[in-house]
Amino acid sequence: MSLLAGVPAAIEAALPAEIPSPSVGVWHLGPLPIRGYALCILAGIVVAVWLTQKRLEVRGHRKGIAIDISAWAVPFGIVGGRLYHLITTPQPYFGQNGDPWKAFAIYEGGLGIWGAVALGAVGAWIGCRKNGVAFRDFVDAAAPGLAIAQAMGRFGNWFNNEIYGAPTDLPWKLRIYEWDTSLGRAVVDAQGNPVVKGYFQPTFLYEALWCLLLAAFLIWLGRRRPLKAGQVFAAYVMGYPVGRIVIENMRSDSANLILGQRVNTWVSILVFLLGVYLWRRFGRMEQPVAPSAPADADGAELGRGDAEDPPVQTAPDGPNDTAPSEPKVDRPAQP
């Protein structure tokens, strides 16, 4: 027992004393501002599109199809995410002393995942229709990458010193600075040192880890279970709200409430129920038609040879294929 008594202290000593936050979220290359939040969002999109493409290729789709569909899904998703944020948090933009022009300042944060997924799905549906891809095939392929993109996007909140929980003294507590949103950096004191606001639960990190676990589970589920098309995406729709409900109630930032609960908590419950419906609905639907073999530059299907030069058919070999057989000649029957 004496040996085990020191285990908690050893674990605490191995963990960092705190998680620091960046004191600067914007860097300037001449007149061009480079924002940490935007870089995280863009990096997440790139990884999601790349993984979706790989998963679509396994299903028999051509190279580049994920980019063609994402050209519709991504803009729709960004607009949807921003609209959801503006609808659920209108005070900073349209309330008293609000600035309506700030509604376009996406780089300062404020993309609601529910709006992004909802309107992004509309864009994906349009892209699938234009490219001849079954929508359920695409969303199944995209689901793990979408979860990874969410995890990466949460680090944009880290750059902006936002999305944190209650004050704490845990070994992994998050240091948060007093933040100047207009400058994209921490407020500094008379000596030029960033002013520390306090130490809080790193809820952005909890959600990022949950999204990564969800992505791994979705990949495992698709490989190990015989599912109908669309059910991997339905599992994502069910799985993400489970963690979001817990993490949402840990956050300390201001939010609009309905019956004492944050709006996002209620939306998470509704989205979970939607995922249950989609799981059952997709499970009763017929499988979409499998994609045909991708075409090469000459228009011929890969793996089928040249359509204009079909293979020569030859007769089966005789018992002795080393010498040509003599031609048949009709002879009268011998008595």
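In every chain, residue numbers begin from 1 and rise along the written sequence. Two thresholds apply to this predicted model, a pLDDT of at least 70 for residue-level local features and 80 or more for giving and counting side-chain atom pairs, whereas whole-chain, interface and lining totals are computed over all residues. Working from all heavy atoms in the structure, the side-chain values ignore hydrogens and water.

Draft legend 1. Region of interest: the overall build of the chain. Secondary structure elements follow DSSP: runs of H or I no shorter than four residues count as helices, runs of E no shorter than two count as strands, and numbering proceeds from the N terminus. A count of helices and strands for the chain gives 10 helices and eight strands. In the chain, the share of contacts with a sequence separation of at least 24, taken over all contacts with a separation of at least 6, comes to 73%. For the area figures, the Shrake-Rupley method with a 1.4 Å probe applies, and any residue is considered shielded solely by the protein chains shown. On the chain, roughly 20400 Å² of surface is accessible, and the fraction owed to carbon and sulfur atoms is 64%. By the convention used here, residues are in contact when the closest approach between their heavy atoms is within 4.5 Å.

Draft legend 2. Spatial organisation of the environment of A255. With respect to the helices, strands and loops of the structure, A255 is situated in the loop between α9 (231-248) and β7 (257-258). Note on classification: 1.4 Å probe, protein chains only; a residue is buried when its accessible area is under 20% of the maximum for its type, exposed when over 50%, partly exposed between these limits. Under the relative-accessibility criterion, A255 is labelled partly exposed at 36%.

Draft legend 3. Local environment of helix α4 (residues 65-88). Expected helix span is computed as 1.5 Å times (number of residues minus one). Taking 1.5 Å per residue, 24 residues should reach 34 Å; α4 reaches 34 Å between its end C-alpha atoms and fits that length. Along α4, the largest kink reaches about 35° and is centred on A71; proline P75 follows within four residues of it. Two axes enter the definition of the bend at a residue: one is fitted to the seven residues ending there, the other to the seven starting there, and the bend is the angle between them.

Draft legend 4. Local environment of the pattern of salt bridges. A pair is scored as a salt bridge if a Lys or Arg side-chain nitrogen falls within 4 Å of a carboxyl oxygen belonging to Asp or Glu. Across all of its chains, the model carries 10 salt bridges by this definition. Connected through salt bridges with shared partners, the residues R154, E207, R244, E248, R251, D253 and R262 form a single ionic network.

Draft legend 5. Representation of the environment of E18. Structurally, E18 is set in the loop between α2 (7-14) and β1 (26-29). Excluding its chain neighbours within four sequence positions, the residues that come into contact with E18 are P171, K173, R175 and Y199. Here the side chain of E18 touches R175 through a polar contact of 2.3 Å, side chain to side chain. N or O atoms closer than or at 3.5 Å make up a polar contact, with two conditions inside protein: a donor-capable atom paired with an acceptor-capable one, and, for residues adjacent in sequence, both atoms drawn from side chains.

Draft legend 6. Region of interest: the nonpolar core. For this analysis, a nonpolar core means a set of buried residues of the types Ala, Val, Leu, Ile, Met, Phe, Trp, Tyr and Cys, connected via side-chain atoms within 4.5 Å. In this structure, I69, W114, F138, L218, F233, Y236 and Y240 are the most contacted members of the largest nonpolar core, which totals 40 residues. Of all elements in the fold, only α3 (36-58), α4, α6 (113-131), α7 (135-159), α8 (203-224), α9 and α10 (263-284) reach the threshold of two or more residues within this core. No other element matches α7, which puts eight residues into this core. Not counting residues within four places of it along the chain, the set of residues in contact with W114 comprises Y84, Y240, P241, R244, N264, V267, S268 and V271. Among the nonpolar cores identified, the runner-up in size contains seven residues, and I19, Y164, L174 and F200 belong to it.

Draft legend 7. Fine view of the packing of α6 against α7. Running from N to C, α6 and α7 cross one another at 145°; their axes reach a closest spacing of 11 Å. Both α6 and α7 take part in a crossing whose hand is right-handed. Here I113, V117, A121, A124, W125 and C128 of α6 come into contact with α7, specifically with F135, F138, L146 and Q150. Any residue outside Ala, Val, Leu, Ile, Met, Phe, Trp, Tyr, Cys, Pro, Asp, Glu, Lys and Arg is labelled polar, Gly included; the first ten of those are nonpolar and the last four are charged. Tallied by class, residues from the contact of α6 with α7 come to nine nonpolar, one polar and no charged. To get an axis, a line is fitted to the C-alpha atoms, and for a helix only the part in contact is used. The angle between two axes follows their N-to-C directions and goes from 0 to 180 degrees. The sense of a crossing depends on the near helix, which, turned anticlockwise from the far helix by less than a right angle, makes the crossing left-handed and, turned clockwise, makes it right-handed.

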